[in-house]
Amino acid sequence: MSNAYSKDLERWMPRLIAVWRQSRGRGDGPETKLTPQEVKEVGAGVRQLSMGLTRERQLAGARYMDDPKLLGAYLLFYWPVSYAQARQVLGELPNRPRQVLDLGSGPGPVAFAAMDSGAKEVTAADRSKPALNLARALATEAGEALATREWDPTKKAAALPEGQFDLITMGHVINELYGTGEAATNPRAALLEAVLAKVKKGGSLLVMEPALRETSRGLLHVRDALVSRGYAVRAPCMYRGPCPALVKETDWCHAERPWPMPRVVEELARAASLHKEALKMSYLMLAPKGEEWPEIPPGRLFRIVSEPLEGKGRHRYIGCGPEGRVGLAMQERHRNEKNERFLQLHRGDVIAVTETEPKGDGLALGETSEVRMVAPAGKGVPPPPPKEDAPSGPGTSPSPGAPS
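The model shown is predicted, which means the values in this text are computed figures rather than measured ones. (Residues numbered from 1 in each chain as written. Predicted model: local features only at pLDDT ≥ 70, side-chain atom pairs only at ≥ 80, totals over all residues. Heavy atoms only, no water.)

This part covers the environment of V264. Note that V264 resides in helix α8 (residues 263-271). Distance from V264 to T169, taken between C-alpha atoms, is 26 Å for residues 95 residues apart in sequence. With residues near it in sequence (within four places) discarded, V264 still touches M13, I17, T32, K33, L34 and L76. (Helix = DSSP H or I, 4+ residues; strand = E, 2+ residues; numbered from the N terminus. Contact = heavy atoms within 4.5 Å.)

Printed below as a string of structure tokens:
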């Protein structure tokens, strides 16, 4: 699958390599790839970061961006991953943002993703001076204007940057704040409330987190805390109550998308013994206080929130929509041109289905069912068509104030 941002990402790779070499005081080497020695060196840092952020998690919350070896590994491996994740999710924004603030920016992958998505004024804010230095160096290399600010969310008096923004992004930030478990939910929700107060009407706060069970469920607990306080979710949720993925301890909710992996990332994944075939992340797009949940088009809608769960002669997915989290299944023998789309769905797709019947723990589709794509993964759910005014026929009087 080709992605609209793949060419943009390819343009970033030589810049990342150049800035990394400059930061080490070594400017020699091929422009578009790493030497075998560099792959080995950076691969070791990638492995250390991966272990520390996804397995033992002892680096979560630590100042790893201040370590030149780990910052270099982040720049060449996790930067392209975070950039691609952000470009995927930014495709769901209802409006193109003009002024963007990227909190906990590191060297700016999400900030530059917003810029490449059409933002005009972007500010990157982080507590790590070395990371902000790299962000500024990348902006110079790309010929772009990027404002930077220092922001340390671990300090009680840490003021948010001045101003109001169309979009505020927080990429892989909140899972590293306020410890672990449910005790972290309220302080995280309080931080997001303070951040949402800086979002303009019609704007959004985008929170992206790793797709691990622990970090995904942590984000869903924060979601529920904010929903209970009256905040609306723009994406990916269509269900307005407490998140149904939290009912069972074994469930969680994340996005998974194919992506054009740059060769450098592929080489480093191999060197670090990691598998990075698909982009995986959990995310929430939140509206500022007082805004309603988005209106969705008519029909029985579900977002696909699982991989295909194929059994003998049948296709099955977990869907989540306005009525909650539901298993959706169809026998292969019931396939026809009205429902065959069901056999090729991806996690994140939003579909409308008709003619289902309750079966087991979910809904069964049959020969009379129709399956329609409402929004493919990475695209926003379109609003319903505008309601047409009822024509006034004989004997109907105009409404008060209407011209007669």
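This part takes up the sheet that holds strand β15 (residues 371-375). If you trace the seven strands from one edge of the open sheet to the other, you get β13-β14-β11-β10-β9-β12-β15, paired in mixed fashion. In this open sheet, the two strands that pair with only one neighbour each are β13 (356-359) and β15. Put simply, the sheet's adjacent strands are angled 40° from each other on average, direction ignored. Looking at chain direction, strand β9 (residues 300-304) and strand β12 (residues 350-353) are connected through four bridges and run antiparallel. The residue of β12 that forms the bridge with F302 is I351. (Pairing = 2+ DSSP bridges. Axes fitted to C-alpha atoms, helices over the stretch in contact; angles between N-to-C directions.)

Turning our attention to the packing of aromatic side chains. Inspection of every chain in the model, using the stated rule, returns seven aromatic pairs. Here the aromatic rings of W12 and W79 are separated by 5.2 Å at their centres, their planes lie at 50°, and the arrangement is tilted. A residue pair is termed long-range when its members are at least 10 positions apart, and W12 in helix α1 (residues 6-23) and W79 in helix α3 (residues 68-90) qualify at 67 residues. Pair check on accessibility: W12 and W79 agree, each one buried. Arranged with centres 4.7 Å apart and planes meeting at 50°, the rings of W12 and F112 form a pair that is tilted. Residue W12 is located in helix α1, and its partner F112 is located in helix α4 (residues 109-116); the two are separated by 100 residues in the primary sequence. Grouping residues by exposure puts W12 and F112 together as buried. (Phe/Tyr/Trp six-rings, centres within 6.5 Å; stacked < 30°, edge-to-face > 60°. Buried < 20%, exposed > 50% of the residue type's maximum accessible area, 1.4 Å probe, protein only.)

Function-wise, these values are silent; they only describe arrangement.
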